Amino acid sequence: MNLGKETETLEFKKTTGEMKEAMESIASILNKHGVGTLYFGVKPNGDVSGQDVSESTLRDVSRAVYENIKPQIYPVITEESFDGRKTVKVEFSGENTPYSADGRYYLRTADEDRQVTPEELKAFFGADRYRGKWEKDKSEASSKQIDRTAVKRFWTKAIDAGRLPEGRYTCPIILRRFGLVKEDYLTNAGEVLFGNTHPVILKAGIFATDEKLTFLDMKMFEDNIYNLMQIAEEYISKNIHWRSEITGMEREEIPEIPIAVIREVLANGFAHAVYNGRTNHEVCIHPGMVTIYSPGDYASEHEPEEYVKGNYESEIRNPVIAKMLFISKSIEQFGSGFKRIDSLCKDAGIKYSYERSNNGFKFIIYRPKFISDKTDVTYSVTYGEDLNKTERAVLAVLRQNSEITREEIAERVSKTVRTVQRALDVLSEKEYIRRVGAKKDSTWEVLK
């Protein structure tokens, strides 16, 4: 007799000699799912091996649960036979998470029990409570405080993508259909998706170096998710390099970073963010990289590399928001984000990495060596390799504004006026810039 495979809510132990490990499994399943079943007398592959079972055996299991699992639970412990072979079946549930086994905490991953630190456990339950409640809670915005243009754009794209049936839609119909209203108020998900209350903040900036020190442009946008995704994509597209390729009679503009990569990273960032946290969404464009930051700790127990190499189910922090982005095809497929980004980056020959923190997740796309044939790009990473960091920063500022004063440059690059003057002298000597016009009204001309 075979009972099948172990799962995240089903555990097998060969005998009650594995009592300690059984308690760890019960705690980890309770922490992850709140309900589960464990059998003694079953091999890990599901084969029923059986074991001696008596009233004393059932009492021993009950005592072990009582003494080890905290807070206390009240499992149902019974004898169950399969083809004449006896097993002990333990059915358990609990709502007072977190649960410990002998003072240690565990979380269930597939069919394994992973011990976690109190900090990891706190992060998990913080994300889990957020995931279960926040989106459906009533916001302070009324159901009339919506961006009708954004909602209409949503259903138009969704119909074109074949993910919403054709029909006569209105804003109230869309809001009701997808559960974005509650008692004449937008839900939290409804407000951040389509509200006209400026519910989400996006900071965007261009920096002269790969440090967040000397900024060449800095903007803050306050809008809903649906509009901010477009704003962020356009901001990045405008400020990265493009080249032209002629194929036959057609001219094709090719960006240094595929737009599909930018779109996928942005969509996943907005789908998995925490919207009542301490930080905001950010897009930063540096000479060597583009970073996209979303607030909130990383939502999954699996590393991004595991999603790239394996076929794990996605763990979605904001299922309503993710569903809406999927329906409008901002997200191609649930659980495929990292795999898709990895494939697109490899095809384009660009590298990426990521950084995790308690406050957020940053995706880093490294810019390739790229010579642009457009004249309106912000700066070129192929120039300035013979310059130091300060000289490159000063040059980048001058490319933005050739009429800027030394004092203003010094403020921008966080250096003294004397340091800026030395950088200007070097740039002049190396023929990157030259002074033009009368001394009183002269400006800088950037030569390369």
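In case you missed it, the structure is sitting above this.
This section reports on the structure supplied with the text. (Residues numbered from 1 in each chain as written. Predicted model: local features only at pLDDT ≥ 70, side-chain atom pairs only at ≥ 80, totals over all residues. Heavy atoms only, no water.)

**Quick word on helix α12 (residues 389-400)**
At step 1: The terminal C-alpha atoms of α12, which comprises 12 residues, lie 17 Å apart, in line with the 16 Å expected from a rise of 1.5 Å per residue.
At step 2: Buried within α12 we find Thr390, Glu391, Ala393, Val394, Leu395, Ala396, Val397 and Leu398.
At step 3: For α12, the elements touching its buried residues are β13 (215-223), α13 (406-413), α14 (417-429), β20 (433-436) and β21 (443-446).
At step 4: With a side-chain oxygen positioned 3.1 Å from the backbone nitrogen of Thr390, the residue opening α12 is Asn388. (Helix = DSSP H or I, 4+ residues; strand = E, 2+ residues; numbered from the N terminus. Expected span 1.5 Å × (residues − 1). Buried < 20%, exposed > 50% of the residue type's maximum accessible area, 1.4 Å probe, protein only. Contact = heavy atoms within 4.5 Å. Polar contact = N/O pair within 3.5 Å; in protein donor to acceptor, adjacent residues only side chain to side chain.)

**Some points on helix α10 (residues 319-327)**
At step 1: Where α10 is concerned, the buried positions are Val320, Ile321, Ala322, Met324, Leu325 and Ile327.
At step 2: Contacts from the buried residues of α10 go to α4 (148-160), α6 (188-194), α7 (225-238) and α8 (259-271).
At step 3: Phi for Lys329, located one or two positions after α10, is positive at around 65°.

**Quick notes on the packing of aromatic side chains**
At step 1: Under the defined criterion, the tally for this structure stands at 13 aromatic pairs.
At step 2: Geometrically, the ring pair formed by Phe154 and Phe178 is edge-to-face, given 5.9 Å between the ring centres and 90° between the ring planes. Taken as a pair, Phe154 in helix α4 and Phe178 in the loop between α5 (171-177) and β10 (181-182) lie far apart in primary sequence, 24 residues in all.
At step 3: Phe178 gets classed as buried once you look at its relative accessible area, which sits at 13%.
At step 4: Centroid distance Phe154 to Tyr226: 6.1 Å. Interplanar angle 80°. Geometry classified as edge-to-face. Here Phe154 is found in helix α4, whereas its partner Tyr226 is found in helix α7, with 72 residues between them in sequence.
At step 5: With a relative accessible area of 0%, Phe154 lands in the buried category. (Phe/Tyr/Trp six-rings, centres within 6.5 Å; stacked < 30°, edge-to-face > 60°.)

**Some points on the environment of Arg317**
At step 1: When you line up the elements, Arg317 lands in the loop between α9 (304-309) and α10.
At step 2: Using a relative accessible area of 1% as the deciding quantity, one classes Arg317 as buried.
At step 3: When the C-alpha positions of Arg317 and Ser142 are compared, they lie 24 Å apart, and in sequence the two are 175 residues distant.

**With respect to the sheet that holds strand β4 (residues 76-82)**
At step 1: Spatially, β1-β2-β5-β4 is the arrangement adopted by the 4 strands of the open sheet, whose pairing is mixed. At either margin of the open sheet sits one strand with a lone partner, and together these are β1 (10-13) and β4. With direction set aside, neighbouring strand axes in the sheet form an average angle of 25°.
At step 2: Here β4 pairs with strand β5 (residues 85-93) via 7 bridges, running antiparallel. Of the residues in β5, the one forming a bridge with Glu79 is Val88.
At step 3: Sitting on the sheet, helix α1 (residues 19-33) is in contact with β1, β2 (35-40) and β5, with an inclination near 165° to β2.
At step 4: Contacting β2, β4 and β5, helix α2 (residues 55-68) runs over the sheet at an angle of about 135° to β4. (Pairing = 2+ DSSP bridges. Axes fitted to C-alpha atoms, helices over the stretch in contact; angles between N-to-C directions.)

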